[in-house]
There are 2 protein chains.
Amino acid sequence: MAQQVRDVVEQYVKLVGSGPTEEIVDLYAADATVEDPIGTDIKRGHDAIREFYDVIANLDRETVLKPETIRIAGNHAAFMFTIVTKFGDQRFTLTPIDVMEFDDDGKIISMRAYWTPEDMSSEAV
Amino acid sequence: MAQQVRDVVEQYVKLVGSGPTEEIVDLYAADATVEDPIGTDIKRGHDAIREFYDVIANLDRETVLKPETIRIAGNHAAFMFTIVTKFGDQRFTLTPIDVMEFDDDGKIISMRAYWTPEDMSSEAV
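A brief structural summary. Everything quoted here is computed from the prediction, not taken from an experiment.

About the criteria used
- Residues numbered from 1 in each chain as written.
- Chains lettered and ligands numbered in written order.
- Predicted model: local features only at pLDDT ≥ 70, side-chain atom pairs only at ≥ 80, totals over all residues.
- Heavy atoms only, no water.
- Contact = heavy atoms within 4.5 Å.
- Buried area = accessible area lost by both parts, 1.4 Å probe.
- Salt bridge = Lys/Arg side-chain N within 4 Å of Asp/Glu carboxyl O.
- Polar contact = N/O pair within 3.5 Å; in protein donor to acceptor, adjacent residues only side chain to side chain.
- Helix = DSSP H or I, 4+ residues; strand = E, 2+ residues; numbered from the N terminus.
- Least-squares fit on C-alpha atoms with pLDDT ≥ 70 in both.

### Remarks on the interface of chain A and chain B
Then comes step 1: Between chain A and chain B, the residue contacts involve 21 residues of the former and 21 residues of the latter.
Then comes step 2: Buried area between chain A and chain B, both sides added, is near 1,600 Å², and the carbon and sulfur share of it is 67%.
Then comes step 3: Among the residues chain A hides against chain B, the three largest losses belong to A:Arg71, A:Ile97 and A:Tyr114. Together they make up 37% of the total.
Then comes step 4: Along the contact surface separating chain A from chain B lie 0 salt bridges.
Then comes step 5: Linking chain A to chain B there are 2 residue pairs in polar contact (both at pLDDT 80 or more).

In structure tokens:
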């Protein structure tokens, strides 16, 4: 299970940086939930999750997993990664901690992200 | 709230490294839960939580928060820290990701820790 969970985490971060959205959605179980960041509306199910990731689909972006932060406990994982998004003439950098729970097939059944707008830095490019 | 949460996280990591147990317990709400690591029995309430932290109370140990990892979202926090414990002629090092939820008074109402035994390294001292 630990290796499978690790593989999905690596795949997830890679796909968030590259797309396509549909491959991100496929990492989730059909009735999975996404709360990103914690405190915002919970997206439930593939349609809501697709809509969530589609927001960044057309942005110039890249992601880097911090592999030394991956911690796995049974079917749960926590990790940090950095996402850099270019929007207009600004580059935004955010490094959240995400936690995920997985089902026995290695599909994500819940994702919650720990960050606030204050954690996001921006610079002109 | 964010500063209060950050203060409790810093206080928590410091006290886990130094004790006394009672001051750790005081950071928790009366009916709080601790699941450390995720997948083990959940300790609920001050008595069970005291018993949990008492296990390390008499060990030579130290903790270091990784402040650059603290992420706060509303009344939730996630962070990494390192705990080094000396036991006999071995020194054990572990760096979990802990997540916490807080009530409006800044008391911890739940703590869950992401790590497995494989994350622990040991060396002779």
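### Considerations on the side chain of A:Lys43
Residue and element names in this part refer to chain A.
Then comes step 1: Relative to the elements of secondary structure, Lys43 occurs in strand β2 (residues 43-44).
Then comes step 2: Here the side chain of Lys43 touches Asp41 through a polar contact of 3.0 Å, landing on its backbone oxygen.
Then comes step 3: Aside from chain neighbours lying at most four places away, what touches Lys43 is Ala32, Thr33, Val34, Asp36, Ala48, Ile49 and Phe52.

### Regarding unusual backbone geometry
Then comes step 1: At the junction of A:Asp36 and A:Pro37, the peptide bond is cis and its omega measures out at -5° in the coordinates.
Then comes step 2: Looking at where A:Pro37 falls in the secondary structure, it is placed in the loop between β1 (28-35) and β2.

### A closer look at the relation of the copies chain A and chain B
Then comes step 1: At an RMSD of 0.0 Å, chain A and chain B line up after a rotation of 180° and a shift of 0.0 Å along the axis. In short, the pair behaves as if placed about a two-fold rotation axis.

Fair warning: the whole summary comes from geometry, so function is off the table for now.
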